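What the coordinates show
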Amino acid sequence: MKGKSFVSAVMIAMGMMVLGSGMCFAEMRFIVNANPLAFLISPDADEFSASTTFVREEIDGNTSWMPTLLGGVEFDTESVVYAVTAGGGYLYNDAFRTPLVQGDVAVRFKIWNMEIGPHVGALYFIDPEWEGTATLVLDESLGVLGGISLTTTGEHFRFFVSADYVNGEFDVTGSGSWVPNKNEIDYSGFLGQVGVIFRF
C-alpha cells in the first residue's frame, strides 16, 4: 500500500510539472532506452515456500535480474525533457521467470551537464513460470514503479541511471500434492537500472 501511495504522489507531481511547462515549444526526438544492468531486490520474496509431506522448496535469495529495452519519444524544451516510452524485458531469478511489458513516463530537469527527475511506469508480467520441482501455477501480474532517473547530456548518446520502487505480486496456486505457504509471491522492492539512451 505504501508503494502505491508513493507512485501516486509521483504521478501527481509530474502532472503539475507538465501543465506548467510550456511543452508546446518542445523539440521531439525518437529514443531507444536499453537497460541491461537492472536488478530488483524484493525483501519479502524469500518468505515464500511450497511443500509436500516430505519435501520443501523455497526461494533462495531476493534479487532478480530485470533487463528492459524501451522505445518512444522525447520532448526537449529549454529547461525540461519529457520522455514517453514502452517496450519489454525479462524478470529472472533462480525460482521463477517471466517476460514483461513496460510503459514509462519521465520528466527530467536540465541541471549542469545532466538531466534528473521523477518517472512512473506500469509493468505487466506475462506467463510467469516456477522454475523449481514444485508444481505451482503463477498468475500474470500488473505492477507499478516510480522513482528518480538521471541521464548525462549528449546529442545522440546518453548514459541512463534510475533508482525506483516497484509494487506488485504474483498470485500462486498449488497443484498435486504441493501446498504453498502463501497465496502470493510479493516481488515489491527496490529496482536499480543502468543503461544507455540513443536519440534520433
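Described below are features of the structure shown in this document. In this text the structure is predicted, and so the values were computed from the model without any measurement. (Residues numbered from 1 in each chain as written. Predicted model: local features only at pLDDT ≥ 70, side-chain atom pairs only at ≥ 80, totals over all residues. Heavy atoms only, no water.)

Focus on the packing of aromatic side chains
The full count for this structure, using the stated rule, is eight aromatic pairs. Judged by centre distance (5.6 Å) and plane angle (70 degrees), the ring pair of Phe125 and Phe170 falls under edge-to-face. You can see Phe125 sitting in strand β8 (residues 114-125) and its partner Phe170 sitting in strand β13 (residues 169-174), a full 45 residues away along the chain. Owing to a relative accessible area of 0%, Phe170 belongs among the buried residues under this scheme. (Phe/Tyr/Trp six-rings, centres within 6.5 Å; stacked < 30°, edge-to-face > 60°. Helix = DSSP H or I, 4+ residues; strand = E, 2+ residues; numbered from the N terminus. Buried < 20%, exposed > 50% of the residue type's maximum accessible area, 1.4 Å probe, protein only.)

Digging into the environment of Pro36
Structurally, the position occupied by Pro36 is in strand β1 (residues 27-41). Spatially, the C-alpha atom of Pro36 lies 8.9 Å from that of Trp65, the residues being 29 residues apart in sequence. With sequence-adjacent residues up to four places away left out, Pro36 is seen in contact with Trp65, Pro67, Val194 and Gly195. (Contact = heavy atoms within 4.5 Å.)

Side note on the pairing of β1
Residues in a regular strand point their side chains to alternate faces of the sheet. Across nine bridges, the pairing between β1 and strand β5 (residues 68-76) is antiparallel. If you follow Ile31 over to β5, its bridge partner there is Gly72. Relative to strand β16 (residues 189-199), β1 runs antiparallel, the two being bridged by nine bridges. Pairing of Ile31 across the sheet is with Arg199, part of β16. (Pairing = 2+ DSSP bridges.)

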